[in-house]
Structures are given as C-alpha cells and as structure tokens.
Amino acid sequence: MATETPSHYDVLQNDKYGRYLVANKDLESGELIFTDTPFAVGPKPDTPPLCLGCYIPVENTVCSRCGWPVCGAECEAAPAHRAECALFAAAKVRFQPVEDWTAAAPQLDCITPLRLLLAKENDPDRWERELAAMETHTAARQQRPTWAADQVNIADFLVDHCKLGSRFEKDLVQRVCGILEVNSVEVPSRVGFSVRAIYPRLAISAHSCVPNIVHTILQNDYQVLVRSAVPIKSGETLHLCYTHALSPTIVRRDYLLESKFFSCECARCADPSELGTHLSTLKCQKCDNGVIMASNPLDDEAPWTCSDKKCQFKTSSAAMRKLLGVVQAELDQLDALEPGPQAIEQREATLNKYKSVFHPRHALLLSLKHSLAQLYGRVEGYALDDLPDLVLERKADFCRLVLSTFDVITPGETRMRGMMLYELHAPLMFLARSEFSAGLITQDQLKDKLQEPVRCLREAARILAREDPASPEGITGQIAQQSMEQLLASLDSL
Ligand SMILES: [Zn+2]
Ligand SMILES: [Zn+2]
Ligand SMILES: [Zn+2]
Ligand SMILES: [Zn+2]
C-alpha cells in the first residue's frame, strides 16, 4: 500500500455526467489528487494470444495446469492467473489450439470479465460501493453485433462450459462486459500488448476534450496516480480526456459515441476552429484565401463551408470522414515503419503531398510533425551532430508548433508536453553552439541563448519525474535531469 493516499475530491451527481468528481480544495498544477487500484486487469477484446501472467505475446506455450496461454513456469503461478487457472483446470476447459498465434483470439475475451466476476466474489463490499452503480449502456449495447458475440464467447462460455451457473447468472456476465466496455482504460504494458484495467474512481471522472487532470499507471502493481495538469479551484469539475487529444473533432466524437456511448459537446467540439488550433481545418481548393470548417461540428448534417464569403464551396461531414479515413490509413502505415531514414523521408513526402489539402496545423499534419520532431536527431543518417542548421530549425519549429497546440487542447503539465520539451532542448542547444562557433554571437550571447534549453530540460525533468521510472517517459525524465546538470556545469565553465 502507498504510504499516503490523498483524496482531494468529492463525488457529485447530475443529469449530464451521472456521477462525477470535483476538487474539494484549490489544487496547484501537478498535485496528486488521488490514487486508485484496479478492481480487475486483463486482456483487451480481440487480442492475439498473450501470457495471462505478464501479457507478453506467446506462441504455442500454455499453462501445464489449465492449458491456457502463459509464457513459462513463473507465470503459471502468477497471482493474476491463479484464480482462473484453478477454475479452468477444475472445469477441464482448455484453450483451443489456434493456427495463427498472431491473430485475434476471441477465446481470450472471457478472461477480464471472469477476473472481474471473481474479484466481485472476493470483495463484495468494494463491488457494491464502487462498481455496482457503474454505467453499462445495456440497451445500446444490445443493438450491436458485439452483444451476440459476448453472449456466446463470454456469457455462455463461462456459465455453461465452465459450469459457473451456480455462482454467476448470464445477465450479470453481460453487465460486467458492459462495465468493462464503458469504464475500463487502456494500460500500456512494459512488454508486448497493452491490456485494460478498471479503476472505479478514475472511471467516475467526467470527460472533456480539454482535460484538467492527467493519469499515469505504475507498471509493477497497476496503481493509477491522478494529478491536476493545471491549477484547479475548489469546486471545479475534474475532467479527464477519454480519447486521443491530438485527433480532429470528427474522429474524437465518433470514438466517444462508439466506445463510451455519448456525444461530446465540450467547448472544443462545439467550436469549428477547435479553439483556434485548426486541428480540423482544411484549405479551400476553390479559392486562394479560404479555409474549410464545419458550420456546426455538433451536427453531422451541417455542411462544411469555406470561410471566404464570396466562395460557394461546400462539402459534407461524410466526405470529410472519408478523407480522414484515407489519410489516417497512410499514417498508420508510416507508424509501422522501423525507425530509420525511411521513417523520416516518407513522412516528409506525406507532409508535402497533403500540405495543399489541410491547414498546416490540421491534426493529421500535426501528428506527422509530432513524429518528425521525435525522429530528427534519433535515426541513422539524421544524428543530431550531423543535422544542418536548417534541419535543426525544422525540428525546433515542429516542437514549438506541437507545444503551442498542447497549450490549448491539453494545457499544463502532461507527459506529452514533458516529452516535447525534451525534444526541443536539443536543436536549441546545437543551434546556439553552431552560431557561436561560426563567430555570429559572443560568448555572453551564447550563455544567454543556452538558458532556453536549460528551461526546457528543467520543466521536462520535473513533469516526467512523476512517471513510472521504468517507462520510456520516466527514463527520458532522468536523462533530462542529467542533461540539465551537464549543461549547467558547462555554462559555469564558460
Ligand atoms: Zn508471462
Ligand atoms: Zn493456468
Ligand atoms: Zn469534446
Ligand atoms: Zn473557398
């Protein structure tokens, strides 16, 4: 158990959010508001076979006791797997061999619901207190094809095949599936696949596409730490972002409706310009100076129109959705590339291809720039030492563009901001040194210019120190701290 777990929030209830959290005192940015332990952790739906102890991908290795996928003897006895192992062994229900161990295995869809049911039996008080009131959206789920699949793969399987009918009814199994679908969060695992977990208190926090709290999950025990990203006044609602912040309004709202069963009407979704960030904006192909935005982003039937009053160009949200899908598929292919010179060159080519279609800050171009900001200086042929000043400036520009968008859509101390600040320090440092060695600036001016990378590193180190020390962000935070100390020492010796 953690030594001290603060709870700087109250739970309120209204028609819009159901139950939700408000701050019960004034919070500084970065302050720990509460911690929470998962009620259950396990595979996400549609994952390929993975170890039920540690979640690494496995092939042809199963538990000697129950016959379900595990990576080895140690994980056969892992606490996560213990209860279901005994149950599967007793019921003689084995994992059916699959031909392709990299393809989704629906057999595993029952694992997390089963773990939640077993946790309910073990801790009925916590279930009553924290889970029983959770939203399940049963009526909406019943309309979807996944309902029938869950009935067969999970409810029938657990109740009939695993002979759990005396302990759990099928209705309860479906309810648990709904609780997981609506309320669970994705947990990045150290190795292999990400999994999902259900945190009762985190799940109550309301959503906004401009959140004021952030969460981080520790990898050893899956404890979640929830902090304020910005200063929050006592009584203000705590908002978490349930979707990817750097995506355009159509994509965020479709995701929230599909997976969380609500239509987001936050200030960012309601504003055609996305609070001036232009993450959804296109360039007009019919005139020179207009941009294309939704006339009403909250109404799927409303046309997208050109901002130039004389231009008559109109399109539909359906056409926009199609375009976003096509370009996103191209970006997904780029994401699958190994980090190397190609990863940079193909992204630059894609940027070039779409620069006349999208606003320069459109979410899709910005995500390319976000990736490029991280790749320049890190891959073969593009090491920091070798980058010409022009490319260093390009890396710095991309970092600044992304940071200025974060300031609006995910303001305050977030790990994405910490990571981008770390990226920004390097080109600034190299550019200043290059100007000095070319005789363009004096030593005093060099000292002056190096203050900005020091500030970047200091802020990155402070923000990322809150992350799990073994996570990529936590490791970057430690490097930022060391780099700052080295840079300060070199400044002293100038
Ligand atoms: Zn394992
Ligand atoms: Zn087992
Ligand atoms: Zn929204
Ligand atoms: Zn136009």
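Residues numbered from 1 in each chain as written. Chains lettered and ligands numbered in written order. Predicted model: local features only at pLDDT ≥ 70, side-chain atom pairs only at ≥ 80, totals over all residues. Heavy atoms only, no water.

Student: What exactly am I supposed to notice about the coordination of the zinc ion (ligand 2) here?
Tutor: Ideal geometry at a metal gives 109.5 degrees between four tetrahedral donors and either 90 or 180 degrees between six octahedral ones. Of the protein atoms, only Cys63 (SG), Cys66 (SG), His81 (NE2) and Cys85 (SG) coordinate the zinc ion (ligand 2), at distances of 2.0 to 2.4 Å. Every donor counted, the four donor atoms about the zinc ion (ligand 2) form angles of 101 to 122° at the centre, which fits tetrahedral coordination. Site description for the zinc ion (ligand 2): donor spacing in sequence, C-x2-C-x14-H-x3-C. Pair noted here: Cys66 is in the loop between strand S4 (40-42) and helix H1 (73-76) and His81 is in helix H2 (residues 79-91), with a separation of 15 residues, a long-range link. Classification of His81 as buried rests on a relative accessible area of 0%. (Donors = N, O, S within 2.8 Å, 3.2 Å for Na, K, Ca; no water. Tetrahedral: all angles 85-135°; square planar, octahedral: opposite > 155°, others 65-115°. Helix = DSSP H or I, 4+ residues; strand = E, 2+ residues; numbered from the N terminus. Buried < 20%, exposed > 50% of the residue type's maximum accessible area, 1.4 Å probe, protein only.)

Student: How do you make sense of the packing of aromatic side chains when you look at a structure like this?
Tutor: The geometry of two aromatic rings is summed up by the distance between their centres and the angle between their planes. Taken as a whole and assessed by the stated rule, the structure comprises 10 aromatic pairs. On the basis of an interplanar angle of 45° and a centroid distance of 6.5 Å, the ring pair of Phe39 and Trp127 is categorised as tilted. Of the two residues, Phe39 sits in the loop between strand S3 (32-36) and S4 while Trp127 sits in helix H4 (residues 124-131), which places them 88 residues apart along the sequence. Members of the aromatic cluster, each reached through a chain of ring pairs, are Trp68, Phe88, Phe95, Trp101 and Phe157. (Phe/Tyr/Trp six-rings, centres within 6.5 Å; stacked < 30°, edge-to-face > 60°.)

Student: It is not clear to me how the side chain of Ser184 should be interpreted in this structure. Could you clarify?
Tutor: Turning to its location among the elements, Ser184 is positioned in the loop between helix H7 (170-183) and strand S5 (185-187). Assessed through its relative accessible area of 11%, Ser184 is described here as buried. Beyond its immediate sequence surroundings of up to four residues, Ser184 is in contact with Ile179, Arg196, Ala197, Ile198 and Lys260. (Contact = heavy atoms within 4.5 Å.)

Student: How should the coordination of the zinc ion (ligand 3) be read in this particular structure?
Tutor: Bound to the zinc ion (ligand 3) are the protein donor atoms Cys209 (SG), Cys264 (SG), Cys266 (SG) and Cys269 (SG), situated 2.3 Å from the metal. Classification of the site at the zinc ion (ligand 3) as tetrahedral follows from its four donor atoms and the range of 104 to 114° in their angles at the metal. With relative accessibility at 3%, the residue Cys264 sits in the buried group.

Student: Looking at this structure, I do not really get the domain arrangement of the chain. What am I missing?
Tutor: Much of the literature gives interface size as the accessible area that the parts lose upon coming together. What the domain assignment reports for the chain is domain 1 (9-37 + 199-240), domain 2 (40-198) and domain 3 (376-494). The interface of domain 1 with domain 3 comprises 16 residues on the first partner and 13 residues on the second. Between domain 1 and domain 3, a total of about 1,000 Å² is buried, with carbon and sulfur atoms accounting for 49% of that surface. If you look at where domain 1 meets domain 3, you find zero salt bridges. Here domain 1 is connected to domain 3 by six residue pairs in polar contact (both at pLDDT 80 or more). For the side of domain 1 that touches domain 3, the secondary-structure elements that each account for two or more residues are strand S8 (213-217) and strand S9 (224-228). (Domains from an automatic or database assignment. Buried area = accessible area lost by both parts, 1.4 Å probe. Salt bridge = Lys/Arg side-chain N within 4 Å of Asp/Glu carboxyl O. Polar contact = N/O pair within 3.5 Å; in protein donor to acceptor, adjacent residues only side chain to side chain.)

Student: Help me understand the nonpolar core in this model?
Tutor: Grouped burial of nonpolar side chains is what soluble globular proteins tend to show. The biggest cluster of nonpolar side chains holds 70 residues, and the ones touching the most others in it are Trp68, Phe88, Leu116, Leu158, Ile198 and Tyr199. When sequence neighbours within four positions are dropped, the list of residues in contact with Leu116 reads Phe39, Ala40, Trp127, Leu131, Val176, Leu180 and Ile198. Leu365, Ala373, Leu387 and Cys399 belong to the second-largest nonpolar core, a separate cluster that totals 66 residues. (Core = buried A, V, L, I, M, F, W, Y, C linked by side-chain atoms within 4.5 Å.)

Student: How should I be thinking about the sheet that holds S4 in this particular structure?
Tutor: Note on sheets: strands pair through backbone hydrogen bonds, and any given pair is parallel or antiparallel. Reading across from one edge, S4-S6-S5 is the order of the three strands in this open sheet, with antiparallel pairing throughout. Two strands in the sheet have a free side with no partner beyond their single neighbour: S4 and S5. Within the sheet, the average angular offset between the axes of one strand and its neighbour, ignoring direction, is 30°. Here three bridges tie S5 to strand S6 (residues 195-198), and the two strands are oriented antiparallel to one another. The residue of S6 that forms the bridge with Val185 is Ala197. Relative to the sheet, helix H3 (residues 111-122) contacts S4 and S6, its axis offset from that of S4 by approximately 160°. (Pairing = 2+ DSSP bridges. Axes fitted to C-alpha atoms, helices over the stretch in contact; angles between N-to-C directions.)

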